[in-house]
Amino acid sequence: MIRAELDRRGLDGFIVPHDDEYQNEYLPAANERLAWLTGFTGSAGAALILKSAAVLLVDGRYTLQARTQTDAELFEQRDLMDGGMAAAITAKAQSGERIGYDPKLVTPDAVERWRKAAADKGVTLVPQADNPVDSVWSDRPAAPMALVTPHPEAFAGETSLSKRTRLAESLKKAGAAAALITAPPSIAWLLNIRGGDVSRSPLPLANALPHADGRAELFIDQAKVSPDLAKHLGDQVTIAAPDRLAQALTRLAGQSISVDPASASAWHFDLIEQADAKALRAPDPCTLPRACKNTVEIDGARRAH
């Protein structure tokens, strides 16, 4: 089915990473594209599907599991840590081929590594507006729609307003008008919210755009918004549908937007470019402050364990 879909799109191959749109390691069922396509259910891996070959890349933890779960006659197994997808392209792709990828599922740095390997082999990488796997996955589970709820200050130890104020100061120092936050743990920390979109992790799948003036925008499906969420977030945080992100970035045309190339996707960088804004490559501004636990969080961790 997948090869027929690729042929319909004029593609000779397609890259299927394990990651989803949020670069999660553990995925909701709707985002388990690699597992659906190959049968491999490990938390790290990737596949390269070509017209006459298919490669499954896994790391050393999953060597035996992958052999058990996948058909060796269909998938050649390679070491994910030995050059990764770039090495697989070099080894298996043929000059003149067009290989597709989903820019929402890969970081810009990874795309550049793939592009270099592809160029060396005379191969063209072609971004896809929608994922061909989704087109043939007829019984794909529905996207998760768990309610997003407030995380009380009694457990957080600091208000979201205080966190956003601190973040705003760091954005001003960096010369950024806003930061595009794509990592669910960072969004949960910054806004003092919790969700249930990922099994065994209290994470909401969303994007956020905190501004240098302390305001913030949360882009999330309205079905996930609990009745008390708006009151918890306050007047300085607006809630919008995910498809309004591009419009919000356009309002920042000509300005710098801090975005982390290690966690944001190539698609996010494309959106910033299309908005005529400047992508300021920098670490997620929430990562370090959320790693520095306050006394309430430390006490909570001790009691929880």
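The structure contained in this document is the topic of the report that follows. (Residues numbered from 1 in each chain as written. Predicted model: local features only at pLDDT ≥ 70, side-chain atom pairs only at ≥ 80, totals over all residues. Heavy atoms only, no water.)

### Looking at the sheet that holds strand E13 (residues 256–259)
Logical step 1: Overall, parallel pairing links the 3 strands, which are arranged E8-E13-E14 in an open sheet. Across the chains shown, the open sheet's two edge strands, defined by having one partner strand only, are strand E8 (178–180) and strand E14 (278–281). Across this sheet, the average inter-strand angle for adjacent strands is 40°, counted without regard to direction.
Logical step 2: Pairing geometry for E8 and E13, over 3 bridges, is parallel. If you follow Ala179 over to E13, its bridge partner there is Ser258.
Logical step 3: Across the sheet, helix H12 (residues 266–274) lies against E8, E13 and E14, angled at about 140° from E14, the strand it touches most. (Pairing = 2+ DSSP bridges. Helix = DSSP H or I, 4+ residues; strand = E, 2+ residues; numbered from the N terminus. Axes fitted to C-alpha atoms, helices over the stretch in contact; angles between N-to-C directions. Contact = heavy atoms within 4.5 Å.)

### Side note on the packing of aromatic side chains
Logical step 1: Enumeration according to the criterion identifies 3 aromatic pairs in this entry.
Logical step 2: Seen in terms of ring centroids, Phe40 and Tyr62 are 5.4 Å apart; in terms of plane orientation they differ by 75°. Their pairing is edge-to-face. Here Phe40 is found in the loop between helix H2 (33–38) and strand E2 (46–50), whereas its partner Tyr62 is found in the loop between strand E3 (54–58) and helix H3 (63–69), with 22 residues between them in sequence.
Logical step 3: A relative accessible area of 1% means that Phe40 is categorised as buried.
Logical step 4: Under the relative-accessibility criterion, Tyr62 is labelled buried at 13%.
Logical step 5: Their ring planes at 85° and their centres at 6.2 Å tell us that Tyr101 and Trp114 sit as a pair that is edge-to-face. Separated by 13 residues along the polypeptide, Tyr101 in strand E5 (residues 98–101) and Trp114 in helix H5 (residues 108–120) bring together distant segments of the chain. (Phe/Tyr/Trp six-rings, centres within 6.5 Å; stacked < 30°, edge-to-face > 60°. Buried < 20%, exposed > 50% of the residue type's maximum accessible area, 1.4 Å probe, protein only.)

### A look at the environment of Leu34
Logical step 1: With respect to the helices, strands and loops of the structure, Leu34 is situated in helix H2.
Logical step 2: Sequence-wise, Leu34 and Met81 are 47 residues apart; in three dimensions their C-alpha atoms are separated by 17 Å.
Logical step 3: Filtering out sequence-adjacent residues up to four positions away, Leu34 remains in contact with Val16, Pro17, His18, Gly39, Phe40, Gly45, Ala46, Ala47 and Leu56.

### Things to note about the side chain of Asp102
Logical step 1: Within the fold, Asp102 resides in the loop between E5 and H5.
Logical step 2: No salt bridge is formed by the buried Asp102. Its closest oppositely charged neighbour is Arg33, at 5.1 Å.
Logical step 3: A polar contact is formed between the side chain of Asp102 and the backbone nitrogen of Lys104, at a distance of 3.0 Å.
Logical step 4: Those residues within four positions of Asp102 in sequence are excluded, and the remaining contacts are Phe14, Gln128 and Asn131. (Lys, Arg positive; Asp, Glu negative; His and termini not counted. Salt bridge = Lys/Arg side-chain N within 4 Å of Asp/Glu carboxyl O. Polar contact = N/O pair within 3.5 Å; in protein donor to acceptor, adjacent residues only side chain to side chain.)

### Some remarks on the pairing of E5
Logical step 1: Pairing analysis gives 2 bridges linking strand E1 (residues 13–17) to E5, with the strands arranged parallel. Counterpart to Gly13 in the pairing with E5 is Ile99.
Logical step 2: As a crossover connection, the stretch from E5 through H5 into strand E6 (residues 124–127) is right-handed. (Right-handed = clockwise from strand over helix to strand, strands pointing away.)

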